[in-house]
Amino acid sequence: VPEKPVSKPVEALTGVWTSTNDDLMRTVYQGICTDTKGEAVKVQLKTGVATIKGWAAFVKDFSTVRWDRDGQTFEWHRVQDVAKVDSLKGAWKNSDGLACEGVD
């Protein structure tokens, strides 16, 4: 399957991702990418391709995105099993004050 440039980043990138270039998990929501260190950056469109910090996104399939910049590449993999998202484990309250517990 040929890769395609990500031209609709809000739709294609929304979700929770792991990366092959570091141990951080990222969440993309409404065009903002936030990593587990708390850094948030806007996904931008440059010449019709989604970019973050100069890295251009190419969709391999629904669960894999390849990022390219200056001959370097890495991949994001969409998290399919929320039990693997350690940062969700524990007690939480939503904005309405309702409580929930994230467990394995």
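Residues numbered from 1 in each chain as written. Predicted model: local features only at pLDDT ≥ 70, side-chain atom pairs only at ≥ 80, totals over all residues. Heavy atoms only, no water.

A. Quick peek at the overall build of the chain. Looking only at helices and strands, one finds 1 helix and 12 strands in the chain. In the chain, the succession of α and β elements from N to C terminus is β-α-β-β-β-β-β-β-β-β-β-β-β. When the accessible surface of the chain is summed, it comes to about 7000 Å², and 54% of that surface belongs to carbon and sulfur atoms. (Helix = DSSP H or I, 4+ residues; strand = E, 2+ residues; numbered from the N terminus. Areas by Shrake-Rupley, 256 points an atom, 1.4 Å probe, with all protein chains shown as cover.)

B. Examining the layout of surface pockets more closely. In this structure, the largest pocket occupies an estimated 270 Å³ of space. For the lining of the largest pocket, the secondary structure elements donating two or more residues are strand 4 (32-35) and strand 10 (72-78). Counted by class, the lining of the largest pocket contains 8 nonpolar, 1 polar and 6 charged residues. (1 Å grid on protein atoms, 1.4 Å probe; cavity = no way out; pocket = protein on both sides within 12 Å on 5 of 7 lines; lining within 4 Å. Points joined across faces, edges and corners; volume = space filled by probe spheres on them. Nonpolar A, V, L, I, M, F, W, Y, C, P; charged D, E, K, R; others polar.)

C. Quick peek at the environment of Val6. Tracing the backbone through its elements, the reader meets Val6 in the loop between strand 1 (4-5) and helix 1 (9-13). Its relative accessible area of 1% is what places Val6 among the buried residues. Sequence-distant contacts of Val6, defined by excluding residues within four places in its chain, comprise Ala12, Leu13, Leu45, Gly48, Val49, Ala50, Ala57, Phe58 and Val59. (Buried < 20%, exposed > 50% of the residue type's maximum accessible area, 1.4 Å probe, protein only. Contact = heavy atoms within 4.5 Å.)

D. Structural context of the pattern of salt bridges. As enumerated under the stated definition, the model contains 4 salt bridges in all. Salt-bridge contacts for Arg26 lead to Asp22; the nearest nitrogen and oxygen are separated by 2.7 Å. (Salt bridge = Lys/Arg side-chain N within 4 Å of Asp/Glu carboxyl O.)

E. Representation of the pairing of strand 7 (residues 49-52). Burial of the side chains of strand 7 extends over both faces: Val49 and Thr51 are buried on one face and Ala50 and Ile52 on the other. By the bridge criterion, 3 bridges tie strand 6 (residues 44-46) to strand 7 in an arrangement that is antiparallel. The partner of Gln44 across the bridge, within strand 7, is Thr51. Hairpin connection from strand 6 to strand 7: 2 residues lie between these consecutive antiparallel strands, with Thr47 at a positive phi of about 45°. Note that strand 7 and strand 8 (residues 55-61) share 2 bridges and pair antiparallel. Residue pairing for strand 8: Ile52 is matched across the bridge by Trp55. Two successive antiparallel strands, strand 7 and strand 8, enclose a turn made up of 2 residues, where Lys53 displays a positive phi of approximately 50°. (Pairing = 2+ DSSP bridges.)

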